[in-house]
Amino acid sequence: TRPRRRYLVCLYFTLTTLTTVGYGDVHARNVAERAVVSVMMLCGGLMWAWIIGAVTQAVTTLDVKKIQYNQIYDQINWMLLDLGVERALTRNVREFLLNAVEVERRLEYSSLIKHLSPE
């Protein structure tokens with residue numbers, strides 16, 4: 001059981017380091033405690049990763065227009081690459097897309113302003 005105990009001590013140290021729980025005064029003192037605490041730290045780390053992922057996904061999906069624009073932009077970039085379009089024309093297409101999204105946003109603002117009108 002000596003190698004198993006050494007492995008568990010290494011696992012405990014690794015999880016303590018990776019989950020940034022730290023090396024405080026309260027710590028596991030025997031093999032059983034280290035095993036339980038290691039599982040708890042692993043679960044805590046996974047939960048923390050899930051929470052950060054959920055918050056990140058929520059924040060990144062707030063701007064629907066930007067997501068649509070990025071998808072179209074990516075598709076056009078792949079199309080230009082696939083068709084072997086020369087660099088100068090590719091650059092012009094990208095500039096056009098950047099300007100077109102600005103114009104589209106301004107047009108959308110004007111339609112929103114109509115909702116603010118009292119008539």
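Whatever comes next refers back to the structure up there.
Notes on the structure in this doc start here.

1. So, the overall build of the protein chain
Next, step 1: Along the protein chain, the regular secondary structure elements total four helices and zero strands.
Next, step 2: Secondary structure elements of the protein chain occur, N-terminal to C-terminal, as α-α-α-α.
Next, step 3: A compact globule built from 119 residues should have a C-alpha radius of gyration of about 14 Å, whereas the protein chain, at 27 Å, is more than 25% larger.
Next, step 4: The principal-axis extents of the C-alpha atoms in the protein chain amount to approximately 75 × 50 × 20 Å.
Next, step 5: Taking the contacts inside the protein chain whose residues are at least 6 apart along the sequence as the reference set, 46% of them involve residues at least 24 apart.
Next, step 6: A total of about 10400 Å² of accessible surface is found on the protein chain, and carbon and sulfur atoms cover 65% of it.
Next, step 7: Taking the average place of the 14 positive charges on the side chains of the protein chain and the average place of its 11 negative ones, the gap between the two points comes to 17 Å.

2. Describing the pattern of salt bridges
Next, step 1: Considering all chains together, one arrives at three salt bridges under this definition.
Next, step 2: Note that Glu 108 is salt-bridged to Lys 65, the shortest N-O span being 3.6 Å. Separated by 43 residues along the polypeptide, Glu 108 in helix 4 (residues 87–116) and Lys 65 in helix 3 (residues 64–83) bring together distant segments of the chain.
Next, step 3: With relative accessibility at 32%, the residue Glu 108 sits in the partly exposed group.
Next, step 4: Taking relative accessible area as the criterion, Lys 65 reaches 43% and is therefore assigned partly exposed.
Next, step 5: A salt bridge links Glu 102 to Arg 106, with the nearest nitrogen and oxygen atoms 3.0 Å apart. Highlighted residues: Glu 102 and Arg 106, both in helix 4, separated by four residues, approximately one helical turn.
Next, step 6: Several salt bridges converge on common partners, so that one network encompasses Glu 102, Arg 105 and Arg 106.

3. Digging into the side chain of Arg 34
Next, step 1: Looking at the element boundaries, Arg 34 is found in helix 2 (residues 31–60).
Next, step 2: Although buried, Arg 34 forms no salt bridge, and the nearest oppositely charged side chain, Glu 33, lies 7.5 Å from it.
Next, step 3: Not counting residues up to four positions away in its chain, the partners in contact with Arg 34 are Arg 5, Leu 8, Val 9, Tyr 12, Ala 28 and Arg 29.

The rules behind these values
- Residues numbered from 1 in each chain as written.
- Predicted model: local features only at pLDDT ≥ 70, side-chain atom pairs only at ≥ 80, totals over all residues.
- Heavy atoms only, no water.
- Helix = DSSP H or I, 4+ residues; strand = E, 2+ residues; numbered from the N terminus.
- Rg over C-alpha atoms; globule rule 2.2 N^0.38 Å.
- Contact = heavy atoms within 4.5 Å.
- Areas by Shrake-Rupley, 256 points an atom, 1.4 Å probe, with all protein chains shown as cover.
- Lys, Arg positive; Asp, Glu negative; His and termini not counted.
- Charge placed at Lys NZ, Arg CZ, Asp CG, Glu CD.
- Salt bridge = Lys/Arg side-chain N within 4 Å of Asp/Glu carboxyl O.
- Buried < 20%, exposed > 50% of the residue type's maximum accessible area, 1.4 Å probe, protein only.

Such coordinate-based values are descriptive only and should not be taken to indicate function.
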